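# Analysis of the macromolecular model
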Amino acid sequence: MKLFNYKLLLALTLSLVVESNAMAQGMPVYDNTNFISFMKSLLESGKQTAELLKTVKFLKEQKENIDKVNSVIKQLNAVKELAKNNQRLYDMVQEDLRQILNSPYIRPEEVGRISDSFQGIIENSMMSMDYIDQVLSSDNLKMTDAERTAILKEKELQSIEMVAEIEAKTRRYREIIAFRQMQDKINNREINY
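What you are looking at is a predicted structure, and each value in this text was computed from that prediction instead of being measured.

Rules used in this analysis
Residues numbered from 1 in each chain as written. Predicted model: local features only at pLDDT ≥ 70, side-chain atom pairs only at ≥ 80, totals over all residues. Heavy atoms only, no water. Axes fitted to C-alpha atoms, helices over the stretch in contact; angles between N-to-C directions. Helix = DSSP H or I, 4+ residues; strand = E, 2+ residues; numbered from the N terminus. Parallel < 35°, antiparallel > 145°, perpendicular 65-115°, else oblique. Left-handed = near helix turned anticlockwise from the far one by under 90°. Nonpolar A, V, L, I, M, F, W, Y, C, P; charged D, E, K, R; others polar. Core = buried A, V, L, I, M, F, W, Y, C linked by side-chain atoms within 4.5 Å. Buried < 20%, exposed > 50% of the residue type's maximum accessible area, 1.4 Å probe, protein only. Contact = heavy atoms within 4.5 Å. Phe/Tyr/Trp six-rings, centres within 6.5 Å; stacked < 30°, edge-to-face > 60°. Lys NZ or Arg CZ within 6 Å of the ring centre and 35° of its normal. Salt bridge = Lys/Arg side-chain N within 4 Å of Asp/Glu carboxyl O.

### Quick word on the packing of helix 2 (residues 32-102) against helix 4 (residues 145-187)
One way to put it is that helix 2 packs onto helix 4 with a least axis distance of 9 Å and a crossing angle of 15°. Here helix 2 lies roughly parallel to helix 4, going by the angle between them. Note on packing geometry: the crossing formed by helix 2 with helix 4 is left-handed. Taken together, the residues of the contact of helix 2 with helix 4 sort by class into 15 nonpolar, 8 polar and 11 charged.

### Side note on the nonpolar core
Formed by 15 residues in total, the largest nonpolar core has its most connected members in Leu89, Val93, Ile100, Ile114, Phe118 and Ile166. Among the elements of the structure, helix 2, helix 3 (108-137) and helix 4 are those that each provide at least two residues to this core. In this view, Ile100 contacts Ile106, Ile114, Phe118, Thr170, Tyr173 and Ile177; residues no more than four positions away in its chain are not counted.

### Some thoughts on the packing of aromatic side chains
Under the definition given, this model contains 1 aromatic pair. Ring plane angle 35° and centroid distance 6.1 Å describe the contact between Phe118 and Tyr173, whose orientation is recorded as tilted. Residue Phe118 is located in helix 3, and its partner Tyr173 is located in helix 4; the two are separated by 55 residues in the primary sequence. The same class applies to Phe118 and to Tyr173, which are both buried. In this arrangement the basic side chain of Arg172 is found over the ring face of Tyr173, its NZ or CZ atom lying 4.9 Å from the centre.

### Quick notes on the pattern of salt bridges
Evaluation of the coordinates by the stated rule reveals 8 salt bridges. In this structure, Arg113 engages Glu110 in a salt bridge whose closest nitrogen and oxygen atoms are separated by 3.9 Å. Pair noted here: Arg113 and Glu110 are both in helix 3, with a separation of 3 residues, about one helical turn. Judged by its relative accessible area of 10%, Glu110 falls in the buried class. The closest approach of N and O atoms between Arg180 and Glu110, which form a salt bridge, is 2.7 Å. Taken as a pair, Arg180 in helix 4 and Glu110 in helix 3 lie far apart in primary sequence, 70 residues in all. Note on accessibility: Arg180 and Glu110 belong to one class, buried.

Interpretation in functional terms is not warranted from these geometric data alone.
Put into structure tokens, the structure is as follows:
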């Protein structure tokens, strides 16, 4: 009987062990501390992502502000160059035209033509400056900063061309004066035979 009890006890233990393993296989086991840690890390990641999105939005706004400032700086530089070119143009016309017109080698009938050619360039320069004033100050002209900058750059190039044109005209009239002066010296020299 003792042997029978021992066998029965062994069989029951074995069946419980086999059955308990079989049951344990189908039942999921959760570790609550790991689950809570996982949820905390998910919440923290969500907060960091929200902060990153705010930072990205802030950086986009700052980039737009920098672009606006760069555009304004480009406009200011273009206006500065225009003003410098126009001042140079006026100075050249004032000094050079006076020297050319005061030359004894310029004929009286040429004075009007010379004055008119220089006057045309000055008037064109004044019209450009008025147009630039309208572009910069008028809100009626719905323009972007890039369009304004393009117009200012175009007018800056035109002013450079006007300065070059004045320089060419001045050089041409000086060459005419030098030629006439040389011609006068040749015609009025004393002949020693």
